[in-house]
Amino acid sequence: MTQAFKRIGLGIGVAAMALLIAGAGYQNLSAQGPGPGGPGVGRGGDVRGPGGPGGPGGRRGGPGGPGMLGPMMFRQLDLTSDQRERVRQIMDAHRDEQQAIGDRARKAHEALQDAITGTFDESAIRARSAEVAAVDADMAVAQARVFGEVYQILTAEQQQELKKIQADMKTRRDQARERAEKNGPRDGGRRGGRGQR
């Protein structure tokens, strides 16, 4: 595998991980239809975690980072069926709040984008930026609340494994960032290029 393919693969992996764990809005589990394990359970019996493609408003990343739990982490933690059910209940209990925050985040980001791309008005841009910051703070608090509730149902061994997974994810993110900073954009600013075409 060439270096470029490795880099692309790592980038895709990091992006996929971010999509799984960084989103704030919860998917409507029942609207997705029952998986093999029943409503809200995906393939392989995994509990569908927070977020969706890109999180609220389709944006990637956002508050939460490696602390958030997603389907991949649930599989790695090998939750019991009772734990999966309890996680589902926790997520169901916070679904409306998460959806409301996701809607607010989408609207705030759209308003900021409109302010940026409209006629220049520094005070409007600053006001919209402050609104984005406020909703992102609310999102982070809500995510932390859900994370804390889910964390409490894990066994001591699962909590340790989660900490290890989070540390590994941080290491991979840091390494990817270092490689990106070291390599910089190639081919006149195009990313992922391999020299001349």
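Residues numbered from 1 in each chain as written. Predicted model: local features only at pLDDT ≥ 70, side-chain atom pairs only at ≥ 80, totals over all residues. Heavy atoms only, no water.

Trainee: What is the right way to read the packing of helix H3 (residues 81-117) against helix H4 (residues 122-152) from this model?
Mentor: Two quantities define a packed helix pair, namely the angle between the axes and the distance from one axis to the other. The interhelical angle for the contact between H3 and H4, taken along N-to-C directions, is 165 degrees, at an axis separation of 9 Å. Judged by the inter-axis angle, H3 sits roughly antiparallel to H4. Considering how the two elements wind past one another, H3 and H4 form a crossing that is left-handed. Residue composition of the contact of H3 with H4, grouped by class: 17 nonpolar, five polar and eight charged. (Axes fitted to C-alpha atoms, helices over the stretch in contact; angles between N-to-C directions. Helix = DSSP H or I, 4+ residues; strand = E, 2+ residues; numbered from the N terminus. Parallel < 35°, antiparallel > 145°, perpendicular 65-115°, else oblique. Left-handed = near helix turned anticlockwise from the far one by under 90°. Nonpolar A, V, L, I, M, F, W, Y, C, P; charged D, E, K, R; others polar.)

Trainee: Just checking my understanding: could you explain unusual backbone geometry for this structure?
Mentor: In this structure, Asp78 takes a positive phi of about 55 degrees despite not being glycine. Inspection of the secondary structure puts Asp78 in the loop between helix H2 (71-77) and H3. Its relative accessible area of 61% is what places Asp78 among the exposed residues. (Buried < 20%, exposed > 50% of the residue type's maximum accessible area, 1.4 Å probe, protein only.)

Trainee: Mind showing me how you'd approach the pattern of salt bridges here?
Mentor: Proximity of charged atoms lets side chains of opposite charge pair with each other. Per the stated rule, a full pass over the model turns up 10 salt bridges. A salt bridge links Arg106 to Glu110, with the nearest nitrogen and oxygen atoms 3.5 Å apart. Residue Arg106 and its partner Glu110 are both found in helix H3; the two are separated by four residues, about one turn of the helix. Residue Lys164 is joined to Asp168 by a salt bridge in which the shortest nitrogen-to-oxygen separation is 3.2 Å. Pair noted here: Lys164 and Asp168 are both in helix H5 (residues 156-183), with a separation of four residues, about one helical turn. Residue class for Lys164 comes out partly exposed when judged on its relative accessible area of 45%. Its relative accessible area of 31% is what places Asp168 among the partly exposed residues. Residues participating in the shared-partner salt-bridge network are Lys170, Asp174 and Arg177. (Salt bridge = Lys/Arg side-chain N within 4 Å of Asp/Glu carboxyl O.)

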